[in-house]
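Descriptive analysis of the structure
Residue strings, one per chain:
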Amino acid sequence: MRRACLPLLLFALPAIAQVTPIQRGAYLVHAGGCISCHTAETDDAVPLAGGRALESPFGTFYAPNITPDRETGIGGWTDEEFLTAFWEGVGPGGKYYYPAFPYPSYTGITRADLLAIKAYLFSLEPVRQPNREHELPWYLDTRLAAAAWQLLKFDAGRFTGDPELDEEWNRGAYLVRHLGHCGECHTPRDALGGLIRDRELAGAVGPDGKRIPNITPHPEDGIGSWDRQEIELFLELGMLPDGDFVGGAMAEVIDDNTSQLTPGDRRAIARYLLSLPALPDAEPPAD
Amino acid sequence: MRFKLFPCLICLLLASALLTTAQAETSAKNWSKYRHAVMDVLKGHISAISLVAFNQVEDTGHLKQHAAGLAEAATEVGKIFPAGSGEGTHALPAIWEQPEEFAAAVAELERTTQALSEAIAGGDRRTIASAFKAAGDACKGCHEKFREEHDHD
């Protein structure tokens, strides 16, 4: 006799339909992984006030302050400016963003979700903390370089979904490809830093030279041997199927993002991941 | 009799000295192997608990033993990272550079696994679920700070 199912719902936020727009924005800020990057790593860091260093093969980027301080944060931004930053990768005053800000993924987020995120961010206490300049080689230390990159590598466009597939699959695709921007780490990049779309989520090499796992359903190289419940448990608790617990950057993603999602959203992510083409690793993992 | 006891005592002293020397010379590689063995014990118990608690396997009547075993194995974690045993392993230098923080993380593992064992003995499913999450958070929190990220293949 099988035991009654343990209520995995225990750890989740209330259903988003029952919450205010600001609470909905808070949920989306977690789902969008904003906190991990926009909060410094020190123990006394103020959430979302910026300062986190993001190392890349092209230099070190420092995430900006996104609290509503008018001078050092985003307190002066209009709705349209906020939308353009996410959809087009261009900030107020025509400032082209480097793709360290994952707008190539965020471009798919809906208007309603972005405005809910803005409502939440603007409900926070403004924190006066000036942004730190990025550390880049001279040839990239100009926004023209960012503009040129966009011309070559960026396609703007909202998520349209696949009408042939059901709501759960489409929700999973939206969370993985756009809001959760999983591919920004798990999809390999070409020499110019553009995501190689036909290798979506097939694993990559991080800026520290370490391998970021293949999360396509390939049976040996990816997560093809995991069942849906194992993926959902991993997203909720950080537990791998063998009982190990993940550390490093993914532990932070679990804490700030996926553990905060509703069970339905985690289920949708698992469904989408298992529906992807099973791609082998590009090369044998370095031991 | 006195003549026979004396060589025995000498032998015991020599054996004891050799054992002490052998312990002092345990290599970082062997410590790492031993740590992996201990961590495999923890992983095995956790995996067994999760398979039963999350409804994938019927309880064979050993869930309490797995929980007690996990809590018992957790008490060894603080003893398997002696100074100088980290070189060439996934153990991060922070273990020895921040000994108080590491000790606190280990204490949290001991506390939460003991609480999980008690919750499973008690049988309330909601308490078990939240205790399992707390124990998992202790594992994850320690790995996040003190273990180098590596492939889990």
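Given the structure is predicted, the values throughout are model-derived calculations rather than measurements.

A look at helix H6 (residues 143-153) of chain A
Residues and elements named next belong to chain A. Taken together, the buried positions of H6 are Ala145, Ala146, Ala147, Trp149 and Gln150. Buried residues along H6 sit against helix H3 (79-88), strand E3 (90-91), strand E4 (95-96) and helix H4 (103-106). Here H6 starts with a cap whose side-chain oxygen sits 3.0 Å from the backbone nitrogen of Leu144, and that cap is Thr142.

Description of the environment of A:Pro217
Residues and elements named next belong to chain A. On the secondary structure map, Pro217 appears in the loop between strand E6 (211-212) and helix H9 (228-237). You can call Pro217 buried: its relative accessible area is 14%. Put simply, Pro217 and Val176 are 41 residues apart on the chain and 14 Å apart in space, counted from C-alpha to C-alpha. With sequence-adjacent residues up to four places away left out, Pro217 is seen in contact with Ile223, Gly224, Leu273, Leu274, Leu276, Pro277 and Ala278.

Things to note about a negative patch on the surface
Together, A:Asp43, A:Asp44, B:Glu100 and B:Glu101 line one region of the surface with negative charge. Along the chain, the position of A:Asp44 falls in the loop between helix H2 (34-38) and strand E1 (53-56).

A short note on the domain arrangement of chain A
Where the parts come together, the accessible area they lose is often given as the size of the interface. Residue and element names in this part refer to chain A. Domain boundaries in chain A define domain 1 (14-158) and domain 2 (162-287). Of note, the centres of domain 1 and domain 2, computed from C-alpha atoms alone, are 22 Å apart. Tallying the contact residues gives 27 residues for domain 1 and 23 residues for domain 2. Sorting the residues of domain 1 by area buried against domain 2 places Tyr27, His30 and Ser105 first, and these three jointly supply 26% of that buried surface. Those elements that provide at least two residues to the side of domain 1 that touches domain 2 are helix H1 (21-31), H2, E1, H4, helix H5 (111-122) and H6. The dominant element in the side of domain 1 that touches domain 2, judged by the number of residues it contributes, is H1, at four residues. Of the residues belonging to the side of domain 1 that touches domain 2, the class tally is 15 nonpolar, eight polar and four charged.

Cut-offs and rules
Residues numbered from 1 in each chain as written. Chains lettered and ligands numbered in written order. Predicted model: local features only at pLDDT ≥ 70, side-chain atom pairs only at ≥ 80, totals over all residues. Heavy atoms only, no water. Buried < 20%, exposed > 50% of the residue type's maximum accessible area, 1.4 Å probe, protein only. Helix = DSSP H or I, 4+ residues; strand = E, 2+ residues; numbered from the N terminus. Contact = heavy atoms within 4.5 Å. Polar contact = N/O pair within 3.5 Å; in protein donor to acceptor, adjacent residues only side chain to side chain. Patch = residues over 30% accessible without salt bridge, like charges linked within 9 Å, V, L, I, M, F, W, Y side chains within 5 Å. Areas by Shrake-Rupley, 256 points an atom, 1.4 Å probe, with all protein chains shown as cover. Salt bridge = Lys/Arg side-chain N within 4 Å of Asp/Glu carboxyl O. Lys, Arg positive; Asp, Glu negative; His and termini not counted. Charge placed at Lys NZ, Arg CZ, Asp CG, Glu CD. Domains from an automatic or database assignment. Buried area = accessible area lost by both parts, 1.4 Å probe. Nonpolar A, V, L, I, M, F, W, Y, C, P; charged D, E, K, R; others polar.

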